[in-house]
Amino acid sequence: MSTRKHTALPKAQILVEALPWLTRHHGKTVVVKFGGNAMINEELKAAFAQDIVFLRHAGLKPVVVHGGGPQINAQLDRQGLVSEFKAGLRVTTPEAMDVVRMVLAGQVQRELVGLLNQHGPLAVGLTGEDAHTITATKHRPRIEGELVDIGRVGQITEIDTGAIEALLENGRIPVVSSIARSADDDHVYNVNADTAAAALAAALNAETLMVLTDVEGLYEDWPHSDEVISRLNATELEKLLPDLASGMVPKMEGCLHAVRNGVTTARVIDGRVQHAILLEIFTDEGIGTMVVPDQEELT
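Calculation criteria
- Residues numbered from 1 in each chain as written.
- Predicted model: local features only at pLDDT ≥ 70, side-chain atom pairs only at ≥ 80, totals over all residues.
- Heavy atoms only, no water.
- Pairing = 2+ DSSP bridges.
- Helix = DSSP H or I, 4+ residues; strand = E, 2+ residues; numbered from the N terminus.
- Axes fitted to C-alpha atoms, helices over the stretch in contact; angles between N-to-C directions.
- Buried < 20%, exposed > 50% of the residue type's maximum accessible area, 1.4 Å probe, protein only.
- Expected span 1.5 Å × (residues − 1).
- Contact = heavy atoms within 4.5 Å.
- Polar contact = N/O pair within 3.5 Å; in protein donor to acceptor, adjacent residues only side chain to side chain.
- Phe/Tyr/Trp six-rings, centres within 6.5 Å; stacked < 30°, edge-to-face > 60°.
- Core = buried A, V, L, I, M, F, W, Y, C linked by side-chain atoms within 4.5 Å.
- Salt bridge = Lys/Arg side-chain N within 4 Å of Asp/Glu carboxyl O.

1. With respect to the sheet that holds strand 9 (residues 154–159)
Then step 1. Within the open sheet, the 4 strands sit side by side as 9-6-11-12. Their pairing is mixed. Strands with a single pairing partner mark the edges of an open sheet, and in this sheet they are strand 9 and strand 12 (188–190). Strand-to-strand twist across the sheet, computed as the mean angle between neighbouring axes with direction ignored, equals 50°.
Then step 2. Both strand 6 (residues 134–138) and strand 9 contribute to a ladder of 5 bridges, which runs antiparallel. Its bridge partner being in strand 9, Ala-136 is matched across the sheet by Ile-156.

Printed below as a string of structure tokens:
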């Protein structure tokens with residue numbers, strides 16, 4: 001009996017530690033950007049699905065947004081199409097766009113919906129095309145002062161949350177592929193999934209945006225130090241943006257957009273850690289980097 005007590009006690013303590021966080025987040029919407037290693041490694045994928053289902057059963061309303069960089073690269077390779085990036089964004093020819101759409105909506109999304117639905121009839125997949133969820137125009141990034149054409153890459157102009165909100169009301173977990181219908185021509189656009197997740201979080205008045213990545217968080221002085229900044233406000237983040245590695249820019253710009261548009265906290269967390277989402281939401285320590293709105297720093 002004493003042994004049983006001894007082994008069960010830490011579990012009870014963990015549950016009790018989660019209580020204030022459960023209370024705080026109950027009924028709140030959480031947008032999670034799924035990507036990086038968590039997307040490829042089978043154990044991490046399964047743990048991610050468990051975390052999302054746990055959030056749902058704990059009374060939160062999770063929304064998953066995903067890209068599919070590695071899977072898209074693999075399929076482009078198989079079809080003999082070259083993967084090229086400019087300003088951290090994929091150059092997307094019409095041929096590449098067909099692959100992007102097929103991989104995101106037909107492969108990555110289906111797999112994720114399947115993993116979540118092992119736990120019950122919960123997940124429903126949609127793309128930004130469905131019910132005009134995400135509308136975009138052609139995005140031309142500025143590189144060294146010049147506007148550059150990178151093909152079918154979209155800049156979000158509008159979000160319609162109707163379909164997602166209906167699913168959340170129905171107790172479902174929406175799984176959104178980052179593809180958008182054009183606002184001004186008949187094309188479909190590839191939208192950066194970090195950007196899409198941030199725009200959806202703002203439009204849904206989410207409590208939290210969580211971006212899974214392959215690093216521990218935002219580093220203080222990379223590459224000279226691997227010290228992670230655990231918390232910073234919007235203004236502090238804005239000052240750091242020009243010096244960030246290109247892959248980190250859409251993630252941190254997304255966090256900045258979210259907290260400047262009503263999202264309470266935005267977090268970049270290490271998707272290589274099993275159950276990173278639960279650790280971030282329900283423990284006192286948390287992991288990764290949390291971005292908060294400026295006014296929170298003043299209160």
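2. Remarks on unusual backbone geometry
Then step 1. Look at Glu-144: it is not a glycine, yet its phi comes out positive at around 50°.
Then step 2. For Glu-144, a relative accessible area of 79% puts it in the exposed group.
Then step 3. Positive phi, close to 50°, is recorded for Asn-205, a residue that is not glycine.
Then step 4. Inspection of the secondary structure assignment puts Asn-205 in the loop between helix 6 (193–203) and strand 13 (208–213).
Then step 5. Taking relative accessible area as the criterion, Asn-205 reaches 60% and is therefore assigned exposed.

3. Comments concerning helix 2 (residues 42–57)
Then step 1. Here helix 2 spans 23 Å end to end across 16 residues, near enough to the 22 Å set by a 1.5 Å rise per residue.
Then step 2. What helix 2 keeps buried is the set Leu-44, Lys-45, Ala-47, Phe-48, Ala-49, Asp-51, Ile-52, Val-53 and Leu-55.
Then step 3. For helix 2, the elements touching its buried residues are strand 1 (29–34), strand 2 (61–66), helix 4 (94–116), strand 10 (173–177), strand 13 and helix 9 (276–282).
Then step 4. Residue Asn-41 occupies the N-cap position of helix 2, its side-chain oxygen lying 2.9 Å from the main-chain nitrogen of Glu-43.
Then step 5. Phi turns positive one or two residues past the end of helix 2, at Gly-59, with a value near 95°.

4. Topic: the environment of Asp-270
Then step 1. Along the polypeptide, Asp-270 turns up in strand 17 (residues 265–270).
Then step 2. Taking the C-alpha atoms as reference points, Asp-270 and Thr-289, 19 residues apart in sequence, are found 9.3 Å from one another.
Then step 3. At 2.9 Å, the side chain of Asp-270 forms a polar contact with the side chain of Arg-272.

5. Comments concerning the packing of aromatic side chains
The geometry of an aromatic ring pair is captured by two quantities: the separation of the ring centres and the angle between the planes.
Then step 1. As enumerated under the stated definition, the model contains 2 aromatic pairs in all.
Then step 2. Geometrically, the ring pair formed by Phe-54 and Phe-282 is edge-to-face, given 5.8 Å between the ring centres and 65° between the ring planes. With Phe-54 in helix 2 and Phe-282 in helix 9, this pair connects stretches of sequence that are 228 residues apart.
Then step 3. Residue Phe-54 is classed as partly exposed on the basis of its relative accessible area, which comes to 41%.
Then step 4. By relative accessible area, which is 6% here, Phe-282 ends up buried.

6. Describing the environment of Leu-22
Then step 1. By secondary structure assignment, the location of Leu-22 is in helix 1 (residues 2–25).
Then step 2. Using a relative accessible area of 23% as the deciding quantity, one classes Leu-22 as partly exposed.
Then step 3. If near-sequence neighbours (up to four positions away) are discounted, Leu-22 is found in contact with Ala-58 and Phe-282.

7. Structural notes on the environment of Thr-29
Then step 1. With respect to the element layout, Thr-29 can be found in strand 1.
Then step 2. Sequence-wise, Thr-29 and Pro-62 are 33 residues apart; in three dimensions their C-alpha atoms are separated by 5.8 Å.
Then step 3. With sequence-adjacent residues up to four places away left out, Thr-29 is seen in contact with Lys-61, Val-63, Leu-168, Leu-204, Ala-206, Glu-207 and Thr-208.

8. A few points about the nonpolar core
Then step 1. Membership of the largest hydrophobic core comes to 43 residues, with the highest contact counts inside it found for Phe-48, Ile-52, Ile-277 and Phe-282.
Then step 2. Listed by contribution, the elements that provide at least two residues to this core are helix 1, strand 1, helix 2, helix 3 (69–78), helix 4, strand 10, strand 13 and helix 9.
Then step 3. Here this core takes 11 residues from helix 4, the largest share from any one element.
Then step 4. Every residue in contact with Phe-48, bar those within four places of it in the chain, is listed here: Val-32, Phe-34, Val-64, Leu-112, Leu-212 and Ile-277.

9. Focus on the pattern of salt bridges
Then step 1. Within this structure, the stated rule accounts for 13 salt bridges.
Then step 2. Of the charged contacts in the structure, one is a salt bridge between Asp-149 and Lys-138, with a shortest N-O distance of 3.0 Å. Separated by 11 residues along the polypeptide, Asp-149 in the loop between strand 8 (146–147) and strand 9 and Lys-138 in strand 6 bring together distant segments of the chain.
Then step 3. A relative accessible area of 47% means that Asp-149 is categorised as partly exposed.
Then step 4. Residues joined in a network through salt bridges with shared partners are Lys-33, Asp-194 and Lys-251.

Note that all results are geometric; they support no functional claim without further evidence.
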